[in-house]
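Each chain is listed here by its residues.
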Amino acid sequence: MSGEKVQLWRRLAAAAAFVSPARAPARAFYNFQRPVTPIAHDVLFIHDLFLVIIAVLFTCGLGALLYSTIAHSRRRNPHPATFSQPVGRKQWLWVSVPFATLLIIDYVVLGIPALHSILALADTSNAQMTVKVTAHQWHWQYQYPVYGIGFSSNLSTPQAQIADRAPKDKHFLLEVDHPLVLPTHEKIRLILASTDVIHAFWVPSFGIKQDVVPGYLRETWVDIDKPGTYRGQCAELCGVGHAFMPIVVVAKSPADFRQWVSQEQSREAAVRATATETLTQAQLMARGQAVYLKNCAACHQANGMGLTGAFPPIATGHPFNASPQMLAALKSLGFYANGLIAEGPVAKHIRIVLHGIPGTPMPSWSSLSAVDVAAVITFERNAFGNHTGEVIEPAQVVAAESAH
Amino acid sequence: MSAVKPAAAHPDEHHEPPRGITRWLYATNHKDIGTMYLVFGTLMLFVGGLLAELIRSELMTPAMRVLSPEAYNQVITVHGLVMVFAAVMPLTAGLANYLIPLMIGAPDMALPRLNNWGFWLLPPAAILLVLPWGLKLFGIGTGTIDTGWTMYAPLSTQSGPGADFAFVAVLLLGLSSTMASINILVTILNQRAPGMTLMQVPLFAWSWVITALLLIAVFPALMAGSIMQITDRHFGTHFFSAAGGGDPVLWEHIFWFFGHPEVYILLLPTAGVLPHVLSTFARKPVYGYEAQVYSFWAIGLMSIVVWAHHMFTSGMPAAANIYFMLSTMAISIPVAVLFFCWFGTLWRGSMTFETPMLFALGYIVLFGIGGLTGLVLSDAAADQQYHNTYFLVAHFHYALFGGPVMGLFAAIYYYLPKMTGRMFSERLGRWHFWLTIIAFNVVFMPQFLLGIAGMPRRIPDYALQFAPLNMVSSLGAFVLGATQLLFLYNVLQTVFGRSGAKASDRVWEGAQGLEFTLPSPPPFHTFSTPPVIE
Ligand SMILES: [Cu+2]
Ligand SMILES: [Cu+2]
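## Considerations on the sheet that holds strand S9 (residues 228-233) of chain A
Residue and element names in this part refer to chain A.
Phase 1: As summarised here, the arrangement of the three strands in space is S4-S10-S9, forming an open sheet in which the pairing is mixed. Strands at the two margins of the open sheet, each flanked by one partner only, are strand S4 (180-183) and S9. Ignoring strand direction, the axes of neighbouring strands in this sheet form an average angle of 25 degrees.
Phase 2: Relative to strand S10 (residues 246-252), S4 runs parallel, the two being bridged by four bridges. Each bridged residue has a counterpart across the sheet, and for leucine 182 the counterpart in S10 is alanine 251.
Phase 3: Relative to the sheet, helix H5 (residues 254-274) contacts S4 and S10, its axis offset from that of S4 by approximately 135 degrees.

In C-alpha cells, the structure reads:
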C-alpha cells in the first residue's frame, strides 16, 4: 500500500478514535492491550476501523427496524402495503445501493489494510536474531541459538492462589519463573515447535497469534518498539494445563539485552559446573521437592498419587489403570507390575525423565539442569512412601546424557 | 407419487394412532416423529444449558472453585457438542418433519421408516456423550471427551476413553442426519401437492432443501475423519500424528470442511421460518421470495469453500489466508440479501407484536450483531488478535443463540397453537422474550470486551483484570438460564394444562400457507387427499 493511502487510512482511523476509546491514552480494561509491534499497530488500526463501520451499519439497521416497528404498527398503519419485490428500474437501482456499499466495505475499506498486514505478517525475512520457542504440556521453552543459551519458563503463581487458599498477587496466572527476554528495535524471528499437542503462542501487545503444531516449524516475527513487560498465554486448548502456561516477555533496550545475555551465559555455565559437585541427600531432597512441585505436580499431583487413567502415581504400590499401550510402556521400563506402580531401576528412571516416554503424555525434561534432574529423581525415590534410600548425583545424569 | 396416488390407498386412513410406547418406538407418522425430535431437542437444550451454567459458575471469579481443570474441559466440550448436535439440529429437524408435509400438502414424509431410524439413532448418540461421566462414578475411565468440540488431534489422541464414545456418537449423529436429510429432500422434490411448483414451495421448506444438501455433502467428511481418529487411537495408524508422518493440521481441515457449513446447517432452517413469522405479523406478503431462495443457494454453495477462515493462525501460507478471507467476505452479500428481505417484509406492514414476532425481531437484532462481528473475524490479519478469544465466543453465541435459538423460540411459539390446538400464555411469552434478550446481552456483550482485552477461550481460570466482566457475564447467565424455565412452563401448560384459549384453524390473523387450512390440532393423517393449488 502506498504511503499516501496509508495516510488516508490513518486519517479515517483518527475519526474512529473520536468514537471509540481505543486510542485514548490510558487504555481501558476492556480494550486491546497497548500495541508495541508494527503488526499490533496495524491490527489495532483495523480493529478501530471495523468498530466504526459496524457501529454505523448496526445503528442504521436498528434505526430502520425501530422506525418501522413504530411507524408500521397496526395502530399507525392499519392498511398494510402489498408489495413483495422491487418494481421498475429506479427501485432496483435503489435496492442495489446497500449491496454495492457492502462490497466496497468488504473489499476496499477493510480488504486493503487487511492484505497489507497479512503480507507484512508473513514476511519473516531480514531478521536480526532468531529465537526458538518450544511448547510443552504445559510450559514454554526458549532457546537463543546464537548465544548458546536456553531455559524453560514455568508458571510461578503458587498452587495455593489457584486453589483460592491464598490472596492472589497482581499478575495471577500471568507470571513465570523465567521470562523470555528480547531486545527492542530489532526484528526478531520466532521459530515455533511443539513436542506434544497443538499450542498457540499469543502475546496481545504483539498482535500475533501463532499455532504451534507438532511436526512443523512455524515462524513469525516481532519488532518491539518499547521496553517493558508483556504478558500473554497459550491460545489453543492443549489439555488440563492450558490455562497455566503463560508467556511473559521482557523487552530490554539492545544494550541491556546484551548485558542480560552475558549474565545468562555465566549463570548457565555455573549451573553446568554444579553438575560435577556432589550433593548430600538432604540437599537433593529439598531441591527435588521444589523441582517436582513446579514441573511434575501438574500431572503426577502434589501428593504423588497421579490421576486415574491419565497420569500414574509416583508412590509405588498403588494401582494404576490406563490404555494398554501406556501400561505396556511402563511395564517394559520396570515401573509397573501386577497392576501396581513399581520402583524401576535408576537408569530407567533417569532415562524417563531425560527423554520422556514416547507416545505418552510424559514429556522429556532434558531442558532441566542435571542437578535438577538428579534432585527430582532422588526426591521421587524417597518421597510419597518410597524409601529406596538411593541418592542420585548430578554426575550420573550427565553420564547418562552423554551416553545417549 | 402423491399426485397419482388415490387417496384411499393409504391403509391407515381412518385409524387412530396406536397407543402406548409402541406408538413412539415404531412411529412412522411425521407428526409423531416431529414431536419426538422437538421433545428430545428441548430436553437437550436444557442439558446443554445446565452445562453452560456450570461453566459460568466456574468462571464467575478467578481461582478454581467449582470444577477441576479436567472436569472443566469435559464440560465445555459436551456443552458444545450437545447444543450443536443434540439440541439445535434435532429441533430444526423436528420442525421439518412436522411442518414440511403440512406446508407442501403431502400426506407424510416420503420415507417414513427411514424417518423412524433417523430419530432413534439420536438418543443413543446423546447417551454416548454423557455415559462416560456415569462410568467414571464407578471408577471406569476418566470421564467424557475433553478436547473441545473441535476435537483437535493430537490432543484427541491423548484423551481418555471418553473420546472413543464421542467419535462413535459422531458416527451415529452423521447417519441420523444423513437419513433425515435424504428424507426431507425426497419429500420436497416428490411429494408436493399437485400443481405446486418448486418456486411455490414455502421458504421454510426451501431452507431445508439447502440444509439437507449441505448435510449430505459435508457430514461424511466428519464421519470419515472420526473413523481416522479412532484408528489413530487404537489401530496404530498415524493420520494425524506427526511422529508417524501424519499431519495434525489435516484434522483441522477435515473438521472445518464440515464445521463451517455446519454453521449454516444450524442457521438456515430458522432463516427459513423467519419470513413466515414476519409476514404473518406484518400482514404483508413475503418480500423477495425468489431472492431469498437464491440467497439460500448462494450461502449453501459458498459455505463449502471458506472453511479455513477458522484456521488463520494455524500457519497457512499468506496466499491461503487471503483466499479464505476474500471468499468469506463474499458470504456477507447473500446474508445481507436475507436481512434486506426481512426488512422489506416488515416495511409498511401493519405490525402487531405477539411473542413469535418478538422473537423474530430479536433474531434480526442479535443475529445482526453476530453477522457484523463475523465480518470483523473474517479479516485474516485482525483475526490474529480475535482468534480463540472470548471475542470469538461472543460472536458465535450471537450467531447461534441470536439466530437459530431465537428462531426456534419464534417457530415454536408460532406453531405451538397449531400443533396443540391451544393458545399459550402470551403474558409469559413476552416475559420470556424480554428477559431472554436482556440477559443474553448481559452474558455476551462483556465477552466481546473480554476477548478484545486478551482473554483466551477454554480456560477454567484467568488473570485478575478479567474478573469484573466475567462476574457480569456469569450473573447474566444465571438469569438467562432461569428465564428458560418460563418457556418450559408455558409450553407444558399449553400441551397438558389445556387451559389456554382454543386456537382457530388460522391461529394468527395474518397466517398464510396450507398448514393453516387444517384444523388445530391437525388430525393424525392429513392431506390424504392432496389439496388443490391454483
Ligand atoms: Cu494451551
Ligand atoms: Cu466458519
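What follows picks up the thread again.
## Details of the interface of chain A and chain B
Phase 1: Each side of the interface is counted separately: chain A has 91 residues, and chain B has 90 residues.
Phase 2: Both sides of the chain A and chain B interface together cover about 7,600 Å² of buried area, and 68% of this is carbon and sulfur.
Phase 3: Linking chain A with chain B are two salt bridges.
Phase 4: Residues arginine 74 of chain A and glutamate 509 of chain B are paired through a salt bridge, measuring 2.8 Å at the closest nitrogen-oxygen approach.
Phase 5: Viewed at the interface, chain B and chain A are joined by 30 residue pairs in polar contact (both at pLDDT 80 or more).
Phase 6: Every element with two or more residues in the side of chain A that touches chain B is listed here: helix H2 (38-71), helix H3 (88-122), helix H4 (159-162) and strand S7 (208-212) of chain A.
Phase 7: Per-element accounting of the side of chain A that touches chain B gives the leading share, 16 residues, to H3 of chain A.
Phase 8: A class-by-class count of the residues in the side of chain A that touches chain B yields 54 nonpolar, 26 polar and eleven charged.

## Overview of the nonpolar core
Phase 1: One finds Trp140, Tyr144 and Phe201 of chain A together with Phe85, Phe219, Trp251 and Trp342 of chain B to be the most contacted residues of the largest nonpolar core, which totals 260 residues.
Phase 2: The contacts of phenylalanine 201 of chain A, once residues within four sequence positions are left out, are Val133, Trp140, Tyr142, Leu180, Leu190, Leu192, Ile208, Lys209, Gln210, Val212 and Ile247 of chain A.
Phase 3: If you look at the next biggest cluster of nonpolar residues, it comprises 38 residues, including Ile357, Met362, Ala383 and Ile392 of chain A.

Procedures and definitions
- Note on numbering: residues in each chain are counted from 1, in written sequence order.
- Each chain takes a letter, starting from A, and each ligand takes a number, starting from 1, following the order in which they are written.
- Restriction of local features to residues with pLDDT of at least 70 applies here, the model being predicted, together with a cutoff of 80 or more for giving and counting side-chain atom pairs; totals for whole chains, interfaces and linings are based on all residues.
- Hydrogen atoms and water are omitted, and side-chain values are computed over all heavy atoms in the structure.
- We treat two strands as partners when DSSP finds at least two bridges between them.
- A run of H or I in DSSP counts as a helix once it spans at least four residues, and a run of E counts as a strand once it spans at least two, with each numbered from the N terminus.
- Helix axes are fitted only over the stretch in contact, all axes being lines through C-alpha atoms; the angle between N-to-C directions runs from 0 to 180 degrees.
- Between two residues, a contact is recorded if the distance between any of their heavy atoms is within 4.5 Å.
- Two parts placed together each lose some accessible area under a 1.4 Å probe, and the buried area is that loss summed for both.
- Between Lys or Arg on one side and Asp or Glu on the other, a salt bridge is scored when a side-chain nitrogen of the former is within 4 Å of a carboxyl oxygen of the latter.
- Definition of a polar contact: a pair of N or O atoms within 3.5 Å, with one able to donate and the other able to accept a hydrogen when the atoms are protein atoms, and with sequence-neighbouring residues admitted only if both atoms are side-chain atoms.
- Gly is put with the polar residues, along with every residue not named as nonpolar or charged; the nonpolar set is Ala, Val, Leu, Ile, Met, Phe, Trp, Tyr, Cys and Pro, and the charged set is Asp, Glu, Lys and Arg.
- Here, the term nonpolar core denotes a set of buried Ala, Val, Leu, Ile, Met, Phe, Trp, Tyr and Cys residues that are joined through side-chain atoms within 4.5 Å.
- Think of it in three bands: with a 1.4 Å probe and only protein chains considered, a residue is buried below 20% of the maximum accessible area for its type, exposed above 50%, and partly exposed in between.

By themselves, these observations are geometric and do not establish any function.
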